[in-house]
Amino acid sequence: MNLLLNKNIQKYFLTKNTKITCDEKVDIILSPQFYWIRIFNIPVSNCTQALKVMNNLFENILPENEDFLYHIVKLEDKKFLCFAFNNDTILEYIKLSTLNLAQINTVYFAQTQMKHYKSFTIDNSTFIYEKDILIKINSSLCKNTKVLSNNLNQLTIPNKLDENKVNIKFYSNTINTKYIYILSIILFAIIFINISKYISYSNNINDLNQINVKLIKKHNIPKTNLQMNSILNSMQKKVNKNTNFREVLSYILKFNKINNTKIEKIVFKNDKLILAFSNAKWSILKTYIEKKYTIINKKLNDNLLEIEIKI
């Protein structure tokens, strides 16, 4: 099959040194300088599924801080020929070749379009198929290669050019002046609304701050959360002490009632409960109290049994 499928469209092989003089529509065949290629075995059935894992498979291969697009050709079951390319870089070198982006009809990879040649040279750059992958090598490493022109219209290539087209995105930087004017008005309106809301919120915040200051002064409220927490912790400790005191005393009063003893003195001091009993047997009292609390001291004074309990 002749490479020229449409006589009105010229076919050019693009390297990073290519200069093209042409006013017609052009099909571009990209040299391996413009893409990365690998063969991967992927446990999926089609290219769409394989596309989802390209970022991970090319992660340690591609340069950092660049955006890449991917193209996949299924070779056989679970075996895929995978391409990665930088869209902006390709557009840059198409422009450097002196072509207008509006001239570009279709873009192809040389990998799939130049298989008729085991090796060839274009623009003083030599390319060779190594293990079925087209790569660029130093010209001195490959002698007697076929020297080709950038214009490939007269070449006979057996594979079809309508397969494996590269999905290059041609972005337009031209924006209608009318749209710029409309966008400017919308942007100004958004900015104005945001500034108005900011001023309103700022005024409300100031009013709330003034009310807050007045309430703090009026009710002698602590000014900081640290002060407030300190007060709350102190109050909580007092509550806990009083609660513990009531629980211990309630427990002792049950003993007093059951054993027909009499409590002559109750003193709560320094986290200690001091009790003086009359008509109480020490062994029975000790056994009962130490089921829940610790007796830290005891003494007999004027027939009164005095004990200290740690709270």
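You'll find the structure just up there.
A quick note: this is a predicted structure, and the numbers were derived from the prediction, not measured.

Evaluation of the coordinates by the stated rule reveals 16 aromatic pairs. Taking 5.5 Å as the distance between ring centres and 65 degrees as the angle between the ring planes, the aromatic pair formed by F34 and Y93 counts as edge-to-face. Remark: Y93 occurs in helix α3 (residues 87-96) and F34 occurs in the loop between β2 (25-30) and β3 (36-41); sequence separation between them is 59 residues. Note on F34: relative accessible area 3%, which makes it buried. An angle of 55 degrees between the planes, with centres 4.9 Å apart, marks the rings of F245 and F268 as tilted. Here F245, found in helix α6 (residues 225-258), pairs with F268, found in strand β11 (residues 262-269); they are 23 residues apart in sequence, far enough to count as distant. Given the relative accessible area of 33%, F268 is considered partly exposed. Each residue in the set F13, Y117, F120 and F127 is aromatic and connected to the rest through ring pairs, giving one cluster. The positively charged end of K298 is found above the aromatic ring belonging to W282, 4.9 Å away from the centroid.

Let us look at helix α7 (residues 282-289). Because the α-helix completes a turn every 3.6 residues, residues three or four places apart line up on one side. Turning to α7, its buried residues are L285, Y288 and I289. Seen along its axis, α7 keeps its buried residues to an arc of 90 degrees; they face one direction. Contacts made by the buried residues of α7 are with α6, β12 (272-278), β13 (294-301) and β14 (304-310).

Now for a negative patch on the surface. Side chains of E66, D67, D88 and E92 sit close together on the surface and give a patch of like negative charge. By the element assignment, D88 lies in helix α3. Judged by relative accessible area, D88 falls into the exposed class, the value being 52%.

As summarised here, the arrangement of the three strands in space is β3-β5-β4, forming an open sheet in which the pairing is antiparallel. Looking along the sheet, the strands with just one partner apiece sit at the ends: β3 and β4 (69-76). Across this sheet, the average inter-strand angle for adjacent strands is 25 degrees, counted without regard to direction. The pairing of β3 with strand β5 (residues 79-85) spans six bridges and is antiparallel. Paired with N41 across the two strands is K79, which belongs to β5.

Parameters and conventions
Residues numbered from 1 in each chain as written. Predicted model: local features only at pLDDT ≥ 70, side-chain atom pairs only at ≥ 80, totals over all residues. Heavy atoms only, no water. Phe/Tyr/Trp six-rings, centres within 6.5 Å; stacked < 30°, edge-to-face > 60°. Helix = DSSP H or I, 4+ residues; strand = E, 2+ residues; numbered from the N terminus. Buried < 20%, exposed > 50% of the residue type's maximum accessible area, 1.4 Å probe, protein only. Lys NZ or Arg CZ within 6 Å of the ring centre and 35° of its normal. Arc of directions from axis to C-beta. Contact = heavy atoms within 4.5 Å. Patch = residues over 30% accessible without salt bridge, like charges linked within 9 Å, V, L, I, M, F, W, Y side chains within 5 Å. Areas by Shrake-Rupley, 256 points an atom, 1.4 Å probe, with all protein chains shown as cover. Salt bridge = Lys/Arg side-chain N within 4 Å of Asp/Glu carboxyl O. Lys, Arg positive; Asp, Glu negative; His and termini not counted. Charge placed at Lys NZ, Arg CZ, Asp CG, Glu CD. Pairing = 2+ DSSP bridges. Axes fitted to C-alpha atoms, helices over the stretch in contact; angles between N-to-C directions.

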